[in-house]
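# Reading the structure
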Amino acid sequence: MKWFDDFFESKARRAAQTISRRSALTRIGKLLVGSALLLPVLPFDRVGKEALAAGKKKDKRNDDTECEYWRYCAVDGFLCTCCGGTNSSCPPGTEVSKVTWVGTCHNPNDGKDYLISYNDCCGATTCGRCLCNSNEGERPGYRMGVHNDINWCMANSSNMYHCTVAAVVGIGESGKD
Ligand code: ABN
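Below: a short report on this structure. (Residues numbered from 1 in each chain as written. Predicted model: local features only at pLDDT ≥ 70, side-chain atom pairs only at ≥ 80, totals over all residues. Heavy atoms only, no water.)

## Things to note about the packing of aromatic side chains
Under the criterion given, the structure shown has seven aromatic pairs. Measuring from centroid to centroid gives 5.5 Å for W70 and Y114, while their planes differ by 55 degrees, and the two rings are tilted. Taken together, the positions of W70 in the loop between α3 (47-56) and β1 (76-78) and Y114 in strand β4 (residues 112-118) put the pair 44 residues apart, joining distant regions of the chain. Residue class for W70 comes out buried when judged on its relative accessible area of 9%. (Phe/Tyr/Trp six-rings, centres within 6.5 Å; stacked < 30°, edge-to-face > 60°. Helix = DSSP H or I, 4+ residues; strand = E, 2+ residues; numbered from the N terminus. Buried < 20%, exposed > 50% of the residue type's maximum accessible area, 1.4 Å probe, protein only.)

## Concerning the sheet that holds strand β8 (residues 167-171)
Ordered by their spatial adjacency, three strands build an open sheet running β3-β4-β8, and the pairing between neighbours is antiparallel. Looking along the sheet, the strands with just one partner apiece sit at the ends: β3 (101-107) and β8. Ignoring which end each strand starts from, the neighbouring axes of this sheet average 35 degrees apart. Pairing of β4 with β8, which is carried by four bridges, proceeds in the antiparallel orientation. Of the residues in β8, the one forming a bridge with Y114 is I171. (Pairing = 2+ DSSP bridges. Axes fitted to C-alpha atoms, helices over the stretch in contact; angles between N-to-C directions.)

## Section: the pairing of β4
Sheet analysis places β3 next to β4, joined by seven bridges and oriented antiparallel. When the bridges of β4 are listed, V102 appears paired with S117.

## Quick word on the sheet that holds strand β2 (residues 95-96)
As summarised here, the arrangement of the three strands in space is β2-β5-β7, forming an open sheet in which the pairing is antiparallel. Single-partner strands in this sheet number two, and they are β2 and β7 (161-164). As paired elements, β2 and strand β5 (residues 120-122) share two bridges and run antiparallel to each other. The partner of V96 across the bridge, within β5, is C121.

## Digging into the site of the ligand
Within the structure, the ligand sits among D76, D120, D149, I150, N151, W152 and Y161. At a separation of 2.8 Å, a nitrogen atom of the ligand approaches a polar side-chain atom of D120. In the environment of the ligand, a nitrogen atom lies 2.7 Å from a nitrogen or oxygen atom belonging to the backbone of I150. Each residue belonging to the shell around the ligand can be placed in one class, and the counts come to three nonpolar, one polar and three charged. (Near = heavy atom within 4 Å. Polar contact = N/O pair within 3.5 Å; in protein donor to acceptor, adjacent residues only side chain to side chain. Nonpolar A, V, L, I, M, F, W, Y, C, P; charged D, E, K, R; others polar.)

## Let's talk about the state of the cysteines
One way to say it: the disulfide is the covalent bond shared by the sulfur atoms of two cysteines. Under the criterion given, the structure shown has seven disulfides. Disulfide partner of C82: C130, at an S-S distance of 2.0 Å. Between C82 and C130, the S-S dihedral sits near -85 degrees, and the bridge is therefore left-handed. Linking C82 in the loop between β1 and β2 with C130 in the loop between β5 and β6 (131-133), this pair joins segments that are 48 residues apart in sequence. (Disulfide = S-S within 2.5 Å.)

Given below as structure tokens:
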């Protein structure tokens, strides 16, 4: 590494002989002022930061793993989206209920009302994840047709309740064009 030391020693000596202390200080000063003025206006990539902020503000009304998802306005049960299924299909190994509870939910994305069928998925033990109880439009249990705290697997070969889906089955009258 001697060549390295010799190289920098000779460079340093030459600089000391040719550059005055004042001019060296002037150059360093210019460099500092220049970077202070220039750095804040450089086009930094802020996309990642914005995407992060947008992700944090995710609208739960459009997230079908959240109780606030718009289709779940009248749900009572464990969300199949948290149990290996989707918002309209049962998890593998379970069977969709033959009878169901139907509600009307407002879709904030298009301003229309939709008829939602809350079928239970049957034939496996209770999922236990993402319990939601929105119950919009529900009435007490003494009027069974308007009560939704019911195991809709009652008409299936296995009555075991696993989770609930929320399939769109129609559009509300007021939502029609
Ligand atoms: N419809 C969901 C459910 C299942 C069992 C008991 C109550 C509610």
